[in-house]
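Descriptive analysis of the structure
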Amino acid sequence: MTSKNLKFGLVVMALCAVTITNAQDKKKPDPEKMFASYDTDEDKLISLDEFKAKKRKKEMEAEVLEKRFAKMDADSNGSVTLEEFKAGMAKGKGQENNKKKKQAE
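The structure contained in this document is the topic of the report that follows.

Analysis parameters
- Residues numbered from 1 in each chain as written.
- Predicted model: local features only at pLDDT ≥ 70, side-chain atom pairs only at ≥ 80, totals over all residues.
- Heavy atoms only, no water.
- Salt bridge = Lys/Arg side-chain N within 4 Å of Asp/Glu carboxyl O.
- Helix = DSSP H or I, 4+ residues; strand = E, 2+ residues; numbered from the N terminus.
- Buried < 20%, exposed > 50% of the residue type's maximum accessible area, 1.4 Å probe, protein only.
- Phe/Tyr/Trp six-rings, centres within 6.5 Å; stacked < 30°, edge-to-face > 60°.
- Lys NZ or Arg CZ within 6 Å of the ring centre and 35° of its normal.

1. Comments concerning the pattern of salt bridges
- For the structure shown, the criterion picks out three salt bridges.
- Among the ionic pairs, Glu-32 bridges to Lys-86, the shortest N-O distance being 2.8 Å. In this pair, Glu-32 is assigned in helix H2 (residues 31–38) and Lys-86 in helix H5 (residues 82–104), connecting sequence segments 54 residues apart.
- Judged by its relative accessible area of 37%, Glu-32 falls in the partly exposed class.
- Accessibility expressed as a relative area gives 35% for Lys-86, which makes it partly exposed.
- Two residues, Lys-67 and Glu-63, come together in a salt bridge whose shortest N-O distance is 3.7 Å.

2. Side note on the packing of aromatic side chains
- This model, assessed by the stated rule, comprises four aromatic pairs.
- Ring geometry for Phe-35 against Phe-85: centres 5.7 Å apart, planes inclined by 70°, an arrangement best described as edge-to-face. Of this pair, Phe-35 sits in helix H2 while Phe-85 sits in helix H5; the two residues are 50 residues apart in sequence, bridging distant segments of the chain.
- In textbook terms, an aromatic cluster arises when at least three aromatic residues are bridged by ring pairs, as seen for Phe-35, Tyr-38, Phe-51, Phe-69 and Phe-85.
- Between the NZ or CZ atom of Lys-54 and the centre of the ring of Tyr-38, over which it lies, the distance is 5.6 Å.

Worth remembering: the numbers are spatial, not functional.
Right, dumping it as structure tokens:
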């Protein structure tokens, strides 16, 4: 009887591990796809106008969007490359995690 319970427990744990792993994979956005959704004129650059025009889940003020764009535009040339976009996403995730940690404290 104990052997059956142990096997069942191991199967349940394995299924949970697979489910958690799949859920984590789905949460990670694809930077290339996101970049392409912003780059409406397909010139491999995101302009401030393209960045502001993107539909978002939450409405944001133009000033906030301009600040975010400026942070991503590392060379301050008025456009964001894929590399700058990826770096901006990585910084954003770090800031988001820090906010969550501070709220938990």
